[in-house]
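Chain residues, written in single-letter form:
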Amino acid sequence: MNIKKKSLTLSNIDTNNYNMKRKSLMLLPLAGAGLAACSSAGTSVQRPNIILIVADDLGLGDVSAYGSQTISTPNIDSLARNGIMFTNGYATSATSTPSRYAMFTGLYPWRNADAKILPGDAPLIIPTDIPTMPKMMQEAGYATAAIGKWHLGMGDGNVDWNQHINPSANTVGFDYTCLIAATNDRVPTVYVENGLVEGLDPDDPIYVDYEKNFEGEPTALTNPEMLKMNWSVGHNFSIVNGIPRIGYMKGGEKARWVDEEMADYFVGKVKNWAANLEPGKPFFLYYGLHQPHVPRAPHARFVGSTTLGPRGDAVVEGDWCVGEVLAYMEEKGLMENTIVIFTSDNGPVLNDGYADMAEEMLGGHDPRNGTRGGKYSLFDGGTHIPLIIYWKDHIEPQISDALVCQMDLFASLGDLIDGNVPEGLDSQNTLHAFLGISDTGRKNLIHEAEGRLALRDGDYTMIPPYEGPERNYSKNELGNLPDYALFNMKEDPSQMTDIASEEPERLEAMKKEFSEITGR
(Lines give C-alpha, C1' and ligand atoms only; values in the text may rest on other atoms or scores of the structure.)
Protein backbone atom coordinates (compact mmCIF):
# COMPACT_ATOMS: atom_id res chain seq x y z
CA MET A 1 0.00 0.00 0.00
CA ASN A 2 1.27 3.46 -0.85
CA ILE A 3 -0.56 5.35 1.89
CA LYS A 4 1.83 7.47 3.91
CA LYS A 5 0.74 8.54 7.39
CA LYS A 6 1.34 11.62 9.47
CA SER A 7 -0.35 13.31 12.40
CA LEU A 8 -3.92 14.18 11.39
CA THR A 9 -5.54 17.54 11.89
CA LEU A 10 -8.09 19.07 9.58
CA SER A 11 -5.65 21.87 8.81
CA ASN A 12 -2.77 19.70 7.59
CA ILE A 13 -4.60 17.49 5.15
CA ASP A 14 -3.23 17.78 1.64
CA THR A 15 -6.30 18.32 -0.55
CA ASN A 16 -4.83 16.14 -3.29
CA ASN A 17 -3.61 13.28 -1.14
CA TYR A 18 -4.92 12.68 2.35
CA ASN A 19 -1.99 11.12 4.18
CA MET A 20 -3.79 10.32 7.39
CA LYS A 21 -2.88 8.67 10.65
CA ARG A 22 -5.52 6.85 12.70
CA LYS A 23 -6.88 9.01 15.47
CA SER A 24 -8.00 7.59 18.79
CA LEU A 25 -10.80 5.14 18.13
CA MET A 26 -13.61 7.26 19.49
CA LEU A 27 -17.03 8.12 18.12
CA LEU A 28 -19.08 11.22 18.66
CA PRO A 29 -22.39 10.79 20.55
CA LEU A 30 -25.20 8.63 19.13
CA ALA A 31 -23.27 5.93 17.29
CA GLY A 32 -21.47 4.43 20.27
CA ALA A 33 -23.23 1.09 20.49
CA GLY A 34 -25.82 1.12 17.75
CA LEU A 35 -29.32 2.57 17.72
CA ALA A 36 -30.83 -0.43 19.47
CA ALA A 37 -28.73 0.23 22.54
CA CYS A 38 -29.67 3.90 22.49
CA SER A 39 -33.33 2.98 22.31
CA SER A 40 -33.02 0.54 25.20
CA ALA A 41 -31.52 3.32 27.30
CA GLY A 42 -34.70 5.31 26.77
CA THR A 43 -33.26 7.72 24.21
CA SER A 44 -35.16 8.02 20.94
CA VAL A 45 -32.76 8.08 18.01
CA GLN A 46 -33.85 8.48 14.40
CA ARG A 47 -32.58 5.75 12.11
CA PRO A 48 -29.91 7.11 9.77
CA ASN A 49 -30.33 7.34 6.03
CA ILE A 50 -27.88 5.14 4.14
CA ILE A 51 -26.30 5.81 0.74
CA LEU A 52 -24.25 2.96 -0.74
CA ILE A 53 -22.19 4.08 -3.75
CA VAL A 54 -20.45 1.30 -5.66
CA ALA A 55 -17.98 2.16 -8.41
CA ASP A 56 -17.21 -0.34 -11.18
CA ASP A 57 -13.61 -1.64 -11.59
CA LEU A 58 -12.15 1.22 -9.54
CA GLY A 59 -8.78 0.46 -7.98
CA LEU A 60 -7.27 1.63 -4.70
CA GLY A 61 -4.71 3.62 -6.64
CA ASP A 62 -7.36 5.42 -8.68
CA VAL A 63 -8.45 7.45 -5.64
CA SER A 64 -6.21 10.31 -4.58
CA ALA A 65 -7.08 9.76 -0.90
CA TYR A 66 -5.34 6.39 -1.22
CA GLY A 67 -2.24 7.95 -2.70
CA SER A 68 -2.87 8.62 -6.39
CA GLN A 69 -0.83 11.53 -7.70
CA THR A 70 -2.20 11.31 -11.24
CA ILE A 71 -5.99 11.40 -10.73
CA SER A 72 -7.75 13.97 -8.54
CA THR A 73 -10.93 12.71 -6.86
CA PRO A 74 -11.88 15.59 -4.52
CA ASN A 75 -15.42 14.45 -3.77
CA ILE A 76 -14.45 10.91 -2.81
CA ASP A 77 -11.49 12.35 -0.91
CA SER A 78 -13.83 14.58 1.08
CA LEU A 79 -15.60 11.49 2.37
CA ALA A 80 -12.23 9.99 3.32
CA ARG A 81 -11.06 13.20 4.99
CA ASN A 82 -14.18 13.41 7.15
CA GLY A 83 -14.88 9.70 7.66
CA ILE A 84 -13.12 6.35 7.92
CA MET A 85 -10.82 5.21 5.14
CA PHE A 86 -10.15 1.47 5.33
CA THR A 87 -6.80 0.18 4.15
CA ASN A 88 -7.96 -3.44 4.42
CA GLY A 89 -11.36 -3.16 2.77
CA TYR A 90 -12.40 -6.07 0.57
CA ALA A 91 -15.05 -7.28 -1.84
CA THR A 92 -15.73 -11.01 -1.70
CA SER A 93 -15.01 -11.36 -5.40
CA ALA A 94 -12.77 -10.16 -8.18
CA THR A 95 -15.70 -9.61 -10.57
CA SER A 96 -18.91 -7.61 -10.46
CA THR A 97 -21.88 -9.97 -10.29
CA PRO A 98 -20.68 -12.14 -7.39
CA SER A 99 -19.40 -9.10 -5.49
CA ARG A 100 -22.81 -7.39 -5.64
CA TYR A 101 -24.61 -10.63 -4.89
CA ALA A 102 -22.66 -10.89 -1.62
CA MET A 103 -23.40 -7.29 -0.67
CA PHE A 104 -27.16 -7.64 -1.05
CA THR A 105 -27.61 -11.20 0.26
CA GLY A 106 -24.91 -11.42 2.92
CA LEU A 107 -23.88 -14.76 1.43
CA TYR A 108 -20.65 -15.87 -0.15
CA PRO A 109 -21.37 -15.89 -3.91
CA TRP A 110 -19.54 -19.18 -4.50
CA ARG A 111 -22.40 -20.85 -2.64
CA ASN A 112 -24.62 -19.95 -5.62
CA ALA A 113 -23.44 -21.47 -8.91
CA ASP A 114 -25.27 -18.73 -10.86
CA ALA A 115 -23.35 -15.90 -9.16
CA LYS A 116 -20.86 -15.32 -11.96
CA ILE A 117 -20.40 -12.70 -14.66
CA LEU A 118 -23.81 -12.58 -16.33
CA PRO A 119 -24.91 -11.79 -19.89
CA GLY A 120 -27.43 -9.00 -20.32
CA ASP A 121 -30.37 -11.37 -20.72
CA ALA A 122 -29.67 -13.48 -17.62
CA PRO A 123 -32.48 -14.16 -15.15
CA LEU A 124 -32.47 -12.65 -11.67
CA ILE A 125 -30.01 -14.72 -9.62
CA ILE A 126 -31.13 -13.55 -6.17
CA PRO A 127 -33.89 -15.96 -5.10
CA THR A 128 -36.99 -13.92 -4.37
CA ASP A 129 -37.77 -15.90 -1.20
CA ILE A 130 -34.51 -15.20 0.67
CA PRO A 131 -33.69 -12.29 2.99
CA THR A 132 -31.77 -9.38 1.47
CA MET A 133 -30.31 -6.17 2.83
CA PRO A 134 -32.84 -3.97 1.00
CA LYS A 135 -35.72 -6.16 2.26
CA MET A 136 -34.41 -5.67 5.78
CA MET A 137 -34.41 -1.92 5.18
CA GLN A 138 -37.98 -2.02 3.90
CA GLU A 139 -39.11 -3.97 6.96
CA ALA A 140 -37.45 -1.37 9.17
CA GLY A 141 -39.50 1.40 7.52
CA TYR A 142 -36.98 2.62 4.95
CA ALA A 143 -37.73 3.93 1.48
CA THR A 144 -35.40 1.97 -0.82
CA ALA A 145 -34.01 2.61 -4.29
CA ALA A 146 -31.52 1.03 -6.70
CA ILE A 147 -30.20 3.37 -9.38
CA GLY A 148 -27.39 2.68 -11.88
CA LYS A 149 -25.62 -0.57 -12.62
CA TRP A 150 -27.34 -3.82 -11.54
CA HIS A 151 -25.79 -6.92 -13.20
CA LEU A 152 -27.71 -9.42 -11.08
CA GLY A 153 -30.16 -10.48 -13.76
CA MET A 154 -33.73 -9.55 -14.64
CA GLY A 155 -36.75 -11.71 -15.36
CA ASP A 156 -37.09 -15.47 -15.29
CA GLY A 157 -34.76 -16.41 -18.14
CA ASN A 158 -37.19 -15.73 -20.97
CA VAL A 159 -37.41 -12.00 -20.58
CA ASP A 160 -39.52 -9.97 -23.00
CA TRP A 161 -37.97 -6.51 -22.98
CA ASN A 162 -41.19 -5.07 -24.40
CA GLN A 163 -43.32 -6.02 -21.39
CA HIS A 164 -43.08 -5.52 -17.65
CA ILE A 165 -40.05 -7.48 -16.42
CA ASN A 166 -40.59 -9.65 -13.37
CA PRO A 167 -38.89 -10.66 -11.12
CA SER A 168 -36.53 -7.72 -10.86
CA ALA A 169 -34.66 -5.62 -8.33
CA ASN A 170 -38.08 -4.42 -7.17
CA THR A 171 -38.81 -8.00 -6.13
CA VAL A 172 -35.83 -8.29 -3.78
CA GLY A 173 -36.36 -5.19 -1.69
CA PHE A 174 -36.16 -2.00 -3.75
CA ASP A 175 -39.23 0.25 -3.93
CA TYR A 176 -37.86 2.23 -6.87
CA THR A 177 -35.40 1.05 -9.49
CA CYS A 178 -33.78 2.59 -12.54
CA LEU A 179 -31.02 0.33 -13.81
CA ILE A 180 -28.97 -1.05 -16.64
CA ALA A 181 -29.44 -4.79 -16.81
CA ALA A 182 -25.78 -5.78 -16.86
CA THR A 183 -22.72 -3.75 -17.83
CA ASN A 184 -22.51 -0.90 -20.31
CA ASP A 185 -20.63 -3.11 -22.76
CA ARG A 186 -23.49 -5.64 -22.98
CA VAL A 187 -26.87 -5.48 -24.69
CA PRO A 188 -29.63 -4.51 -24.16
CA THR A 189 -28.36 -0.95 -24.05
CA VAL A 190 -31.48 0.51 -22.46
CA TYR A 191 -32.57 1.82 -19.07
CA VAL A 192 -35.08 -0.26 -17.12
CA GLU A 193 -37.23 1.74 -14.70
CA ASN A 194 -39.38 -0.25 -12.27
CA GLY A 195 -39.33 -3.22 -14.63
CA LEU A 196 -40.15 -1.31 -17.82
CA VAL A 197 -37.74 -0.19 -20.56
CA GLU A 198 -37.77 3.58 -20.49
CA GLY A 199 -38.70 5.39 -23.69
CA LEU A 200 -39.61 2.27 -25.64
CA ASP A 201 -41.61 2.74 -28.84
CA PRO A 202 -44.09 -0.17 -28.98
CA ASP A 203 -43.84 -0.10 -32.76
CA ASP A 204 -40.09 -0.78 -32.53
CA PRO A 205 -39.79 -3.76 -30.17
CA ILE A 206 -36.50 -4.91 -28.69
CA TYR A 207 -34.98 -8.31 -29.42
CA VAL A 208 -31.87 -9.64 -27.68
CA ASP A 209 -29.81 -12.75 -28.41
CA TYR A 210 -26.43 -13.85 -27.10
CA GLU A 211 -26.01 -16.71 -29.57
CA LYS A 212 -26.72 -15.40 -33.07
CA ASN A 213 -27.22 -12.09 -34.83
CA PHE A 214 -30.46 -10.84 -36.31
CA GLU A 215 -30.56 -10.80 -40.09
CA GLY A 216 -29.24 -7.57 -41.57
CA GLU A 217 -28.09 -6.06 -38.26
CA PRO A 218 -24.58 -4.54 -38.41
CA THR A 219 -21.75 -5.75 -36.18
CA ALA A 220 -18.20 -4.58 -35.57
CA LEU A 221 -16.98 -7.34 -37.89
CA THR A 222 -19.31 -6.60 -40.79
CA ASN A 223 -19.43 -2.82 -40.53
CA PRO A 224 -16.26 -1.48 -38.89
CA GLU A 225 -16.79 1.87 -40.61
CA MET A 226 -19.63 2.53 -38.14
CA LEU A 227 -17.34 2.44 -35.10
CA LYS A 228 -16.17 5.44 -33.10
CA MET A 229 -14.48 3.12 -30.59
CA ASN A 230 -12.50 0.04 -31.58
CA TRP A 231 -12.67 -3.31 -29.84
CA SER A 232 -9.61 -5.31 -28.82
CA VAL A 233 -11.03 -8.60 -27.52
CA GLY A 234 -14.52 -10.02 -27.76
CA HIS A 235 -16.54 -6.83 -28.03
CA ASN A 236 -17.39 -7.12 -31.70
CA PHE A 237 -21.13 -7.84 -31.80
CA SER A 238 -23.95 -5.29 -32.17
CA ILE A 239 -23.04 -1.63 -32.55
CA VAL A 240 -24.85 0.93 -30.39
CA ASN A 241 -23.86 4.61 -30.35
CA GLY A 242 -20.85 3.76 -32.50
CA ILE A 243 -19.56 1.32 -29.86
CA PRO A 244 -19.44 -2.45 -30.39
CA ARG A 245 -20.95 -4.55 -27.58
CA ILE A 246 -21.19 -8.09 -26.27
CA GLY A 247 -24.36 -9.74 -27.56
CA TYR A 248 -26.80 -9.00 -30.35
CA MET A 249 -29.68 -6.52 -30.24
CA LYS A 250 -32.34 -5.39 -32.66
CA GLY A 251 -34.93 -2.61 -32.32
CA GLY A 252 -35.63 -0.20 -29.49
CA GLU A 253 -33.85 2.64 -31.26
CA LYS A 254 -35.50 5.45 -29.26
CA ALA A 255 -34.83 3.69 -25.96
CA ARG A 256 -31.10 3.13 -26.49
CA TRP A 257 -28.78 5.04 -24.23
CA VAL A 258 -26.02 7.42 -25.28
CA ASP A 259 -22.93 6.44 -23.29
CA GLU A 260 -21.63 9.97 -22.93
CA GLU A 261 -24.93 11.01 -21.30
CA MET A 262 -25.18 8.13 -18.82
CA ALA A 263 -23.54 9.93 -15.90
CA ASP A 264 -25.91 12.90 -16.14
CA TYR A 265 -28.87 10.59 -16.65
CA PHE A 266 -28.35 8.61 -13.45
CA VAL A 267 -27.42 11.68 -11.39
CA GLY A 268 -30.72 13.16 -12.54
CA LYS A 269 -32.60 10.03 -11.54
CA VAL A 270 -31.06 10.08 -8.06
CA LYS A 271 -31.95 13.75 -7.60
CA ASN A 272 -35.52 13.22 -8.81
CA TRP A 273 -36.00 10.28 -6.44
CA ALA A 274 -34.55 12.22 -3.50
CA ALA A 275 -36.75 15.23 -4.26
CA ASN A 276 -39.85 13.07 -3.83
CA LEU A 277 -38.91 11.31 -0.60
CA GLU A 278 -41.49 11.28 2.16
CA PRO A 279 -40.36 13.83 4.77
CA GLY A 280 -39.00 12.19 7.90
CA LYS A 281 -38.89 8.68 6.45
CA PRO A 282 -35.41 7.14 6.42
CA PHE A 283 -34.04 5.97 3.07
CA PHE A 284 -31.59 3.43 1.69
CA LEU A 285 -30.10 4.26 -1.70
CA TYR A 286 -27.90 1.95 -3.74
CA TYR A 287 -26.19 4.01 -6.44
CA GLY A 288 -24.19 1.86 -8.87
CA LEU A 289 -21.69 3.93 -10.84
CA HIS A 290 -20.69 2.58 -14.26
CA GLN A 291 -17.26 4.25 -14.14
CA PRO A 292 -14.54 3.30 -15.01
CA HIS A 293 -15.93 0.09 -16.59
CA VAL A 294 -15.60 -0.28 -20.34
CA PRO A 295 -16.59 1.18 -22.72
CA ARG A 296 -15.07 4.30 -21.23
CA ALA A 297 -16.98 7.11 -22.90
CA PRO A 298 -17.15 10.04 -20.47
CA HIS A 299 -19.05 13.20 -21.28
CA ALA A 300 -17.10 15.70 -23.39
CA ARG A 301 -16.60 18.02 -20.41
CA PHE A 302 -14.42 15.36 -18.76
CA VAL A 303 -12.40 14.37 -21.82
CA GLY A 304 -8.80 15.37 -21.29
CA SER A 305 -9.23 15.99 -17.57
CA THR A 306 -6.36 13.55 -16.89
CA THR A 307 -3.26 12.44 -18.75
CA LEU A 308 -4.45 8.85 -18.69
CA GLY A 309 -6.96 8.86 -21.53
CA PRO A 310 -10.58 7.67 -21.32
CA ARG A 311 -10.05 5.47 -18.24
CA GLY A 312 -8.63 8.29 -16.14
CA ASP A 313 -11.25 10.71 -17.44
CA ALA A 314 -13.99 8.22 -16.53
CA VAL A 315 -12.69 8.10 -12.95
CA VAL A 316 -12.94 11.89 -12.76
CA GLU A 317 -16.49 11.69 -14.14
CA GLY A 318 -17.41 9.13 -11.47
CA ASP A 319 -16.04 11.42 -8.77
CA TRP A 320 -18.16 14.24 -10.19
CA CYS A 321 -21.24 12.00 -9.90
CA VAL A 322 -20.48 11.45 -6.22
CA GLY A 323 -20.12 15.17 -5.66
CA GLU A 324 -23.31 16.07 -7.52
CA VAL A 325 -25.44 13.56 -5.60
CA LEU A 326 -24.08 14.46 -2.17
CA ALA A 327 -24.30 18.21 -2.83
CA TYR A 328 -27.95 17.79 -3.79
CA MET A 329 -28.63 15.75 -0.66
CA GLU A 330 -26.98 18.51 1.39
CA GLU A 331 -29.07 21.15 -0.36
CA LYS A 332 -32.25 19.24 0.52
CA GLY A 333 -31.20 18.88 4.16
CA LEU A 334 -30.80 15.11 3.86
CA MET A 335 -27.18 14.79 5.02
CA GLU A 336 -27.62 15.60 8.72
CA ASN A 337 -28.21 11.93 9.61
CA THR A 338 -26.93 10.07 6.58
CA ILE A 339 -24.28 7.39 6.34
CA VAL A 340 -22.39 7.40 3.02
CA ILE A 341 -20.52 4.25 2.05
CA PHE A 342 -18.24 4.49 -0.96
CA THR A 343 -16.56 1.45 -2.46
CA SER A 344 -15.83 -0.51 -5.64
CA ASP A 345 -17.11 -3.88 -6.76
CA ASN A 346 -13.66 -5.35 -7.48
CA GLY A 347 -10.10 -4.45 -8.37
CA PRO A 348 -8.97 -2.49 -11.42
CA VAL A 349 -8.37 -3.52 -15.01
CA LEU A 350 -6.83 -1.66 -17.94
CA ASN A 351 -7.45 -3.46 -21.25
CA ASP A 352 -10.89 -4.99 -20.84
CA GLY A 353 -12.01 -5.43 -24.42
CA TYR A 354 -11.59 -2.03 -26.06
CA ALA A 355 -8.61 -0.30 -27.66
CA ASP A 356 -8.86 2.84 -25.51
CA MET A 357 -5.14 3.37 -24.77
CA ALA A 358 -5.55 2.57 -21.06
CA GLU A 359 -2.25 0.68 -21.02
CA GLU A 360 -0.35 2.95 -23.38
CA MET A 361 -1.27 6.14 -21.47
CA LEU A 362 -0.76 4.68 -17.99
CA GLY A 363 2.57 6.37 -17.36
CA GLY A 364 3.49 6.10 -13.67
CA HIS A 365 -0.10 5.61 -12.51
CA ASP A 366 -0.68 2.44 -10.45
CA PRO A 367 -4.41 1.65 -10.15
CA ARG A 368 -3.55 -1.39 -7.98
CA ASN A 369 -1.68 0.76 -5.45
CA GLY A 370 1.11 -1.77 -5.05
CA THR A 371 -1.09 -4.85 -4.84
CA ARG A 372 -0.69 -7.80 -7.20
CA GLY A 373 -3.29 -8.91 -9.74
CA GLY A 374 -6.45 -6.90 -10.32
CA LYS A 375 -9.88 -7.74 -11.70
CA TYR A 376 -10.31 -11.51 -12.33
CA SER A 377 -7.39 -12.33 -10.01
CA LEU A 378 -7.00 -14.41 -6.84
CA PHE A 379 -4.09 -12.19 -5.90
CA ASP A 380 -4.89 -9.36 -3.52
CA GLY A 381 -5.54 -6.78 -6.24
CA GLY A 382 -8.64 -8.67 -7.34
CA THR A 383 -10.68 -7.97 -4.21
CA HIS A 384 -8.75 -5.27 -2.29
CA ILE A 385 -10.85 -2.19 -2.93
CA PRO A 386 -11.40 1.37 -1.70
CA LEU A 387 -13.86 1.45 1.18
CA ILE A 388 -14.81 4.70 2.90
CA ILE A 389 -17.60 5.38 5.40
CA TYR A 390 -18.78 8.87 6.33
CA TRP A 391 -21.42 9.88 8.87
CA LYS A 392 -21.58 13.58 9.65
CA ASP A 393 -20.96 14.40 13.32
CA HIS A 394 -20.95 10.70 14.25
CA ILE A 395 -17.60 9.34 13.06
CA GLU A 396 -14.14 10.65 13.88
CA PRO A 397 -11.93 11.04 10.76
CA GLN A 398 -9.40 8.24 10.75
CA ILE A 399 -7.60 5.54 8.85
CA SER A 400 -8.51 2.00 9.89
CA ASP A 401 -6.45 -1.11 9.23
CA ALA A 402 -9.30 -3.40 10.30
CA LEU A 403 -10.01 -6.30 7.93
CA VAL A 404 -13.53 -5.53 6.66
CA CYS A 405 -15.69 -6.77 3.82
CA GLN A 406 -18.65 -5.34 1.92
CA MET A 407 -20.59 -8.55 2.56
CA ASP A 408 -20.71 -7.59 6.25
CA LEU A 409 -22.74 -4.45 5.59
CA PHE A 410 -25.93 -6.56 5.82
CA ALA A 411 -25.37 -7.76 9.40
CA SER A 412 -23.63 -4.58 10.56
CA LEU A 413 -26.22 -2.12 9.29
CA GLY A 414 -28.89 -4.46 10.57
CA ASP A 415 -27.45 -4.08 14.06
CA LEU A 416 -27.27 -0.30 13.66
CA ILE A 417 -30.93 0.11 12.65
CA ASP A 418 -32.23 -2.76 14.81
CA GLY A 419 -33.21 -4.61 11.65
CA ASN A 420 -34.09 -8.26 11.23
CA VAL A 421 -30.84 -10.04 10.39
CA PRO A 422 -31.46 -13.77 9.82
CA GLU A 423 -29.15 -16.43 11.15
CA GLY A 424 -27.04 -18.48 8.76
CA LEU A 425 -25.57 -15.60 6.77
CA ASP A 426 -21.89 -15.34 5.92
CA SER A 427 -22.23 -11.63 6.70
CA GLN A 428 -20.67 -10.81 10.07
CA ASN A 429 -21.51 -7.96 12.40
CA THR A 430 -18.43 -5.74 12.25
CA LEU A 431 -20.31 -2.54 13.08
CA HIS A 432 -17.73 -1.35 15.62
CA ALA A 433 -15.05 -1.54 12.94
CA PHE A 434 -17.25 0.16 10.33
CA LEU A 435 -17.97 3.02 12.76
CA GLY A 436 -14.40 3.36 13.98
CA ILE A 437 -15.02 2.21 17.55
CA SER A 438 -12.69 -0.76 17.12
CA ASP A 439 -9.76 -1.59 14.86
CA THR A 440 -10.74 -5.25 14.88
CA GLY A 441 -12.80 -6.52 11.97
CA ARG A 442 -13.06 -9.99 10.46
CA LYS A 443 -10.69 -12.78 11.44
CA ASN A 444 -10.82 -14.42 8.00
CA LEU A 445 -12.32 -14.03 4.56
CA ILE A 446 -12.68 -16.23 1.49
CA HIS A 447 -11.68 -14.45 -1.73
CA GLU A 448 -13.26 -15.58 -5.01
CA ALA A 449 -12.21 -15.07 -8.62
CA GLU A 450 -14.31 -16.74 -11.32
CA GLY A 451 -14.97 -19.79 -9.15
CA ARG A 452 -11.45 -20.10 -7.69
CA LEU A 453 -11.09 -19.49 -3.95
CA ALA A 454 -8.36 -18.32 -1.57
CA LEU A 455 -8.25 -17.67 2.19
CA ARG A 456 -7.26 -14.52 4.04
CA ASP A 457 -6.69 -15.04 7.78
CA GLY A 458 -5.37 -12.10 9.73
CA ASP A 459 -2.17 -10.93 8.08
CA TYR A 460 -1.85 -14.04 5.89
CA THR A 461 -3.28 -15.13 2.55
CA MET A 462 -3.23 -18.71 1.27
CA ILE A 463 -3.86 -19.46 -2.40
CA PRO A 464 -4.50 -23.13 -3.32
CA PRO A 465 -3.12 -24.50 -6.60
CA TYR A 466 -5.23 -23.99 -9.72
CA GLU A 467 -4.64 -24.95 -13.32
CA GLY A 468 -4.99 -22.34 -16.00
CA PRO A 469 -3.15 -19.49 -17.68
CA GLU A 470 -0.96 -17.11 -15.72
CA ARG A 471 -2.72 -14.10 -17.25
CA ASN A 472 -5.89 -13.44 -19.23
CA TYR A 473 -6.42 -11.02 -22.12
CA SER A 474 -6.48 -8.10 -19.68
CA LYS A 475 -2.88 -9.01 -18.74
CA ASN A 476 -3.83 -9.19 -15.05
CA GLU A 477 -2.15 -12.04 -13.19
CA LEU A 478 -4.87 -14.56 -12.33
CA GLY A 479 -3.23 -16.28 -9.35
CA ASN A 480 -3.17 -19.72 -10.95
CA LEU A 481 -0.22 -21.29 -9.12
CA PRO A 482 1.20 -24.83 -9.33
CA ASP A 483 1.20 -25.40 -5.57
CA TYR A 484 -0.16 -23.90 -2.34
CA ALA A 485 1.23 -20.42 -1.73
CA LEU A 486 1.33 -18.43 1.49
CA PHE A 487 1.92 -14.68 1.79
CA ASN A 488 2.41 -12.35 4.73
CA MET A 489 0.23 -9.43 3.65
CA LYS A 490 1.54 -7.05 6.31
CA GLU A 491 5.19 -7.48 5.40
CA ASP A 492 4.67 -8.30 1.72
CA PRO A 493 1.52 -6.55 0.43
CA SER A 494 2.66 -7.06 -3.17
CA GLN A 495 2.73 -10.85 -2.63
CA MET A 496 6.15 -11.31 -4.16
CA THR A 497 7.50 -13.78 -1.59
CA ASP A 498 5.85 -17.17 -1.10
CA ILE A 499 6.60 -18.32 2.47
CA ALA A 500 4.75 -21.65 2.34
CA SER A 501 7.95 -23.64 2.77
CA GLU A 502 9.06 -21.44 5.66
CA GLU A 503 5.84 -21.77 7.67
CA PRO A 504 4.51 -25.30 7.07
CA GLU A 505 2.47 -25.38 10.29
CA ARG A 506 0.63 -22.18 9.44
CA LEU A 507 0.04 -23.46 5.92
CA GLU A 508 -1.47 -26.72 7.18
CA ALA A 509 -3.68 -24.85 9.66
CA MET A 510 -4.95 -22.57 6.90
CA LYS A 511 -5.60 -25.52 4.60
CA LYS A 512 -7.79 -27.04 7.31
CA GLU A 513 -9.55 -23.72 7.93
CA PHE A 514 -10.15 -23.26 4.21
CA SER A 515 -11.67 -26.74 3.92
CA GLU A 516 -13.92 -26.21 6.95
CA ILE A 517 -15.33 -22.99 5.51
CA THR A 518 -15.65 -23.98 1.85
CA GLY A 519 -16.02 -27.78 1.92
CA ARG A 520 -13.22 -27.96 -0.66
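As a starting point, this report considers the structure included with it. What you see is a predicted model, and the numbers here were worked out from it, not measured in a lab.

Roughly 300 Å³ of internal volume is contained in the second largest pocket. Lining the second largest pocket are 21 residues, with I117, R186, I246, Y376 and Y473 positioned closest to its centre. Along the lines of polarity and charge, the residues of the lining of the second largest pocket split into eight nonpolar, eight polar and five charged.

It is worth spelling out the side chain of D313 at this point. With respect to the helices, strands and loops of the structure, D313 is situated in helix 6 (residues 310–331). A distance of 3.3 Å separates a polar atom in the side chain of D313 from the backbone nitrogen of S305. Sequence-distant contacts of D313, that is, excluding residues within four places in its chain, are made with P298, F302, V303, G304, S305 and T306.

Attention now goes to the side chain of T371. Within the secondary structure layout, T371 lies in the loop between strand 13 (338–344) and strand 14 (387–391). What makes T371 buried here is its relative accessible area of 10%. A polar side-chain atom of T371 sits 2.7 Å from the main-chain carbonyl oxygen of R368.

The subject of this paragraph is the sheet that holds strand 5 (residues 176–180). Read across the sheet, ten strands follow the order 7-6-5-4-12-1-13-14-2-15 without closing on themselves; strand pairing throughout is mixed. Edge positions in the open sheet fall to strand 7 (196–197) and strand 15 (398–400), since each of these has one partner strand only. The sheet contacts of helix 6 involve strand 1 (49–55), strand 12 (283–288) and strand 13, and relative to strand 12 the element is tilted by about 160°.

A few words now on the state of the cysteines. Inspection of the entire model under this criterion finds zero disulfides. Summary of cysteine pairing: C178 is not part of a disulfide, and the nearest cysteine sulfur, belonging to C321, is at 14 Å. For C178, a relative accessible area of 0% corresponds to the buried category.

Next up on the list: the nonpolar core. By size, the foremost hydrophobic cluster in this structure holds 64 residues, and its most contacted members are L52, M133, M137, W150, W161 and I341. Of the residues forming this core, the biggest block, five residues, is contributed by helix 7 (residues 409–417). Not counting chain neighbours up to four residues away, the residues in contact with W161 comprise G120, D121, M154, A181, P188, V192, V197, L200, I206 and V208. By size, the runner-up hydrophobic cluster in this structure holds 51 residues, among which are I51, A145, Y265 and Y390.

Moving on: the pairing of strand 18 (residues 452–457). With six of six residues buried, strand 18 is to be regarded as a mostly interior element. Burial along strand 18 is two-sided: R452, A454 and R456 and L453, L455 and D457, pointing in opposite directions, are all buried. In terms of strand pairing, strand 17 (residues 444–449) meets strand 18 through six bridges, oriented antiparallel. Its bridge partner lying in strand 18, H447 is registered against A454. Linkage of strand 17 to strand 18, two consecutive antiparallel strands, is achieved through a turn of two residues, within which E450 is found at a positive phi near 50°.

Now for the packing of aromatic side chains. The tally for this structure, following the rule as stated, stands at 17 aromatic pairs. Arranged with centres 6.3 Å apart and planes meeting at 55°, the rings of Y207 and F214 form a pair that is tilted. Using a relative accessible area of 43% as the deciding quantity, one classes Y207 as partly exposed. Take F214: its relative accessible area is 19%, and that puts it in the buried class. Judged by centre distance (6.4 Å) and plane angle (50°), the ring pair of Y376 and Y473 falls under tilted. Here the residue Y376 occupies a position in the loop between strand 13 and strand 14, and Y473 occupies one in the loop between strand 19 (460–463) and strand 20 (485–488), the gap between them amounting to 97 residues. Clustering of aromatic rings is evident, with ring pairs tying together F104, W150, F174, F284 and Y286.

Parameters and conventions
Residues numbered from 1 in each chain as written. Predicted model: local features only at pLDDT ≥ 70, side-chain atom pairs only at ≥ 80, totals over all residues. Heavy atoms only, no water. 1 Å grid on protein atoms, 1.4 Å probe; cavity = no way out; pocket = protein on both sides within 12 Å on 5 of 7 lines; lining within 4 Å. Points joined across faces, edges and corners; volume = space filled by probe spheres on them. Nonpolar A, V, L, I, M, F, W, Y, C, P; charged D, E, K, R; others polar. Helix = DSSP H or I, 4+ residues; strand = E, 2+ residues; numbered from the N terminus. Polar contact = N/O pair within 3.5 Å; in protein donor to acceptor, adjacent residues only side chain to side chain. Contact = heavy atoms within 4.5 Å. Buried < 20%, exposed > 50% of the residue type's maximum accessible area, 1.4 Å probe, protein only. Pairing = 2+ DSSP bridges. Axes fitted to C-alpha atoms, helices over the stretch in contact; angles between N-to-C directions. Disulfide = S-S within 2.5 Å. Core = buried A, V, L, I, M, F, W, Y, C linked by side-chain atoms within 4.5 Å. Phe/Tyr/Trp six-rings, centres within 6.5 Å; stacked < 30°, edge-to-face > 60°.

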